[in-house]
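One letter stands for each residue in the lines below.
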Amino acid sequence: MSRAADPFGTCVYCKRRILWIRTRAGRSMPVDPELISYRVPEGRKGAEKIVTPKGEVICADRTDSRQAEGVGYISHFATCGKR
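Cut-offs used in this document
Residues numbered from 1 in each chain as written. Predicted model: local features only at pLDDT ≥ 70, side-chain atom pairs only at ≥ 80, totals over all residues. Heavy atoms only, no water. Core = buried A, V, L, I, M, F, W, Y, C linked by side-chain atoms within 4.5 Å. Buried < 20%, exposed > 50% of the residue type's maximum accessible area, 1.4 Å probe, protein only. Helix = DSSP H or I, 4+ residues; strand = E, 2+ residues; numbered from the N terminus. Contact = heavy atoms within 4.5 Å. Pairing = 2+ DSSP bridges. Axes fitted to C-alpha atoms, helices over the stretch in contact; angles between N-to-C directions.

1. Describing the nonpolar core
Part 1 of the argument: Among the nonpolar cores identified, the biggest contains 7 residues, and these are Ile36, Tyr38, Val40, Ile50, Ile58, Ala60 and Ile74.
Part 2 of the argument: Only strand E4 (36–39) and strand E6 (57–62) provide two or more residues apiece to this core.
Part 3 of the argument: Look past the residues within four positions of isoleucine 50 in its chain and what remains in contact with it is Ile36, Tyr38, Glu56, Val57, Ile58, Ala60, Gly72, Tyr73 and Ile74.
Part 4 of the argument: Grouped together as the second largest cluster of nonpolar side chains are 6 residues, Leu19, Ile21, Val51 and Tyr73 included.

Printed below as a string of structure tokens:
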């Protein structure tokens, strides 16, 4: 089964479940599979790098769904405890 057919996998370092997102540059990026709500602050200097479902990487802040501009994922590179 191809990655496109099953976008989920397991991190080889920490063994947590990951989701593969194709970035706008055409590369596959591992992300944590939980969707988070985000808002881009003025000045576009958010605290976290968030990967949108369309593969765009943006700097934004987590927020609750009522104030959100969109949803996305946190890169697994930022959360893997074994890397």
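2. Topic: the pairing of strand E3 (residues 28–31)
Walk down a regular strand and you will see the side chains alternate between the two sheet faces.
Part 1 of the argument: Where strand E2 (residues 17–22) lies against E3, 4 bridges are found, and the strand directions are antiparallel. Across the sheet, isoleucine 21 pairs through a bridge with methionine 29, a residue of E3.
Part 2 of the argument: Taking the residues that link successive antiparallel strands as the turn, the E2-E3 hairpin has 5 residues, and the phi of glycine 26 there is positive, at about 90°.

3. Comments concerning the sheet that holds strand E1 (residues 8–10)
Part 1 of the argument: Taken in spatial order, the 3 strands line up as E1-E2-E3 in an open sheet, and their pairing is antiparallel. Strand pairing shows two members of the sheet lacking a second neighbour, E1 and E3, which therefore form its edges. In this sheet, neighbouring strand axes are inclined to one another by 40° on average, regardless of whether the strands run parallel or antiparallel.

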